Amino acid sequence: EKQIRRTEPDFDIKKVPQDDEETYALISSGHTDGVFQLESGGMRRLLSQMQPRNLEDIIIAISLYRPGPMESIPAFLENRAHPEKVRYSCPQLKSILENTAGCIVYQEQVMMICRVLAGYSFGRADIVRRAMAKKKPEVMEKERATFVEGAVKNNVDRQVAEEIFDDMMSFASYAFNKSHAAAYSLLAYRTAYLRCHYYKEYMVALLTSVIGWGGKTAEYIGDLAQHGLKLLPPHVNYSETGFLCEKDGIRFGMLAIRNVG
């Protein structure tokens, strides 16, 4: 923001639109070097397959790409592409899982399943959520009988209730809460927006942030070359401590020179 404000004094990242098509095109392309949470190779593949078009899609991607929910990625992608194929093991699940193509993705969905199917109170459902968050399968297993009996009372077939609980147990290996994912996604979107519309300024800030981390510095310098942006050598008259925007490219920062602390 400080770099951008040198030419746009009123720039405020909190005021950028959240429906910018170019930003979503960048995210969907998988060219997300330096974008918060969206840099890894596996995440890029998921984004290319999903083609996110709104914040909700980014929230889903960030929540799915974790141990546990990751196993649902093939089913999610298939269901997302063919929503007519989605089958719910009982009708009550539709309103809870429709936004995530029939897959359990969030802790909050587990809480809703416990409440809607088995009649749990908010407090009891939160105990299950906490057991998942703290990776306590033994606590989850103790809940099985309570969940199944509650679901049966609500006209859910016993075997179906057992299967739904098994799904929740496998998901418990690493569940993410949607509220956390939403905050991550907003930051991911904002960093993607900056990379998309203020590439030079963003890369200057990014390079300055990884000074001393040789691998990342080299990776991001390689990204500059792909964008046809010159990396200008360090200069005693022009360089600052960090990297710097200049008309002809990005000036190398003094602190980034090895052994010149």
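Each chain has its residues counted from 1, following the order in which its sequence is written. Totals for whole chains, interfaces and linings use every residue, but because this is a predicted model, local features are given only for residues with pLDDT of at least 70 and side-chain atom pairs only at 80 or more, for both listing and counting. Side-chain descriptors were evaluated using all non-hydrogen atoms of the structure, hydrogens and water having been removed beforehand.

Could you give an account of the overall build of the protein chain, naming the residues involved and the relevant values?
Across its full length, the protein chain holds twelve helices and three strands. The globule rule used here is 2.2 Å times the number of residues to the 0.38 power, and the radius of gyration it is set against is calculated over C-alpha atoms. The C-alpha radius of gyration of the protein chain comes to 23 Å, more than 25% above the 18 Å expected for a compact globule of 261 residues. When the backbone C-alpha atoms are referred to their principal axes, the protein chain occupies close to 80 × 40 × 30 Å. Each residue is assigned to one of three classes by its accessible area relative to the maximum for its type, calculated with a 1.4 Å probe on protein chains only: buried under 20%, partly exposed between the two thresholds, exposed over 50%. Counting only residues that meet the buried cut, the protein chain has 46% of its 261 residues in that class. Whether two residues are in contact is decided by their heavy atoms: any pair within 4.5 Å suffices. Taking as baseline every contact in the protein chain between residues at least 6 positions apart, the subset at least 24 positions apart corresponds to 56%. Total accessible area computed for the protein chain in this model is approximately 13,800 Å², and 52% of it derives from carbon and sulfur atoms. In this tally Asp and Glu are treated as negative and Lys and Arg as positive; neither His nor the chain ends contributes. For charged residues, the charge sits on one atom: NZ in Lys, CZ in Arg, CG in Asp, CD in Glu. Charged side chains of the protein chain number 33 positive and 33 negative; the gap between the two group centres comes to 4 Å. Put simply, DSSP H or I for four residues or longer makes a helix, DSSP E for two residues or longer makes a strand, and each gets a number counted from the N terminus. Each accessible area value is a Shrake-Rupley result obtained with a 1.4 Å probe; residue values ignore everything except the protein chains displayed when judging cover.

Tell me about the sheet that holds strand β3 (residues 249-251), residues and numbers included.
Strands are treated as partners if at least two bridges between them are detected by DSSP. Spatial strand order, β1-β3-β2: three strands in an open sheet with mixed pairing. The open sheet has two edge strands, β1 (231-232) and β2 (244-246), and neither has a second partner. As defined by bridge partners, β1 adjoins β3 across two bridges and the pair is classed as parallel. Within β3, the residue paired with L231 across the bridge is I250.

Requested: an account of the nonpolar core, with residues and values cited.
Judged by nonpolar contacts, the single largest core of 49 residues is most densely connected at L38, I58, I62, F76, M203 and I250. When contributions to this core are tallied by element, the ones reaching two or more residues are α1 (21-29), α2 (41-50), α3 (55-64), α4 (73-81), α10 (178-197), α11 (199-209) and α12 (214-226). If one sorts the elements of this core by residue count, α3 sits on top with seven residues. I58 has contacts with Y24, I27, P52, S185, A188 and Y189, leaving out every residue within four places of it along the chain. Core analysis: the second largest hydrophobic core is formed by 28 residues, C114, L117, A125 and M169 among them. Here, nonpolar core means buried Ala, Val, Leu, Ile, Met, Phe, Trp, Tyr and Cys residues that are tied together by side-chain atoms lying within 4.5 Å of each other.

Summarise unusual backbone geometry; cite the residues concerned and give the values.
Across residues other than glycine, the phi torsion is negative in most instances, and most of the peptide bonds are trans. You will see that A101, though not glycine, has its phi angle at about 55 degrees, which is positive. With respect to the element layout, A101 can be found in the loop between α5 (94-97) and α6 (107-118). Non-glycine residue N155 carries a positive phi angle of around 65 degrees. Relative to the elements of secondary structure, N155 occurs in the loop between α8 (137-153) and α9 (158-171). Residue class for N155 comes out exposed when judged on its relative accessible area of 74%.

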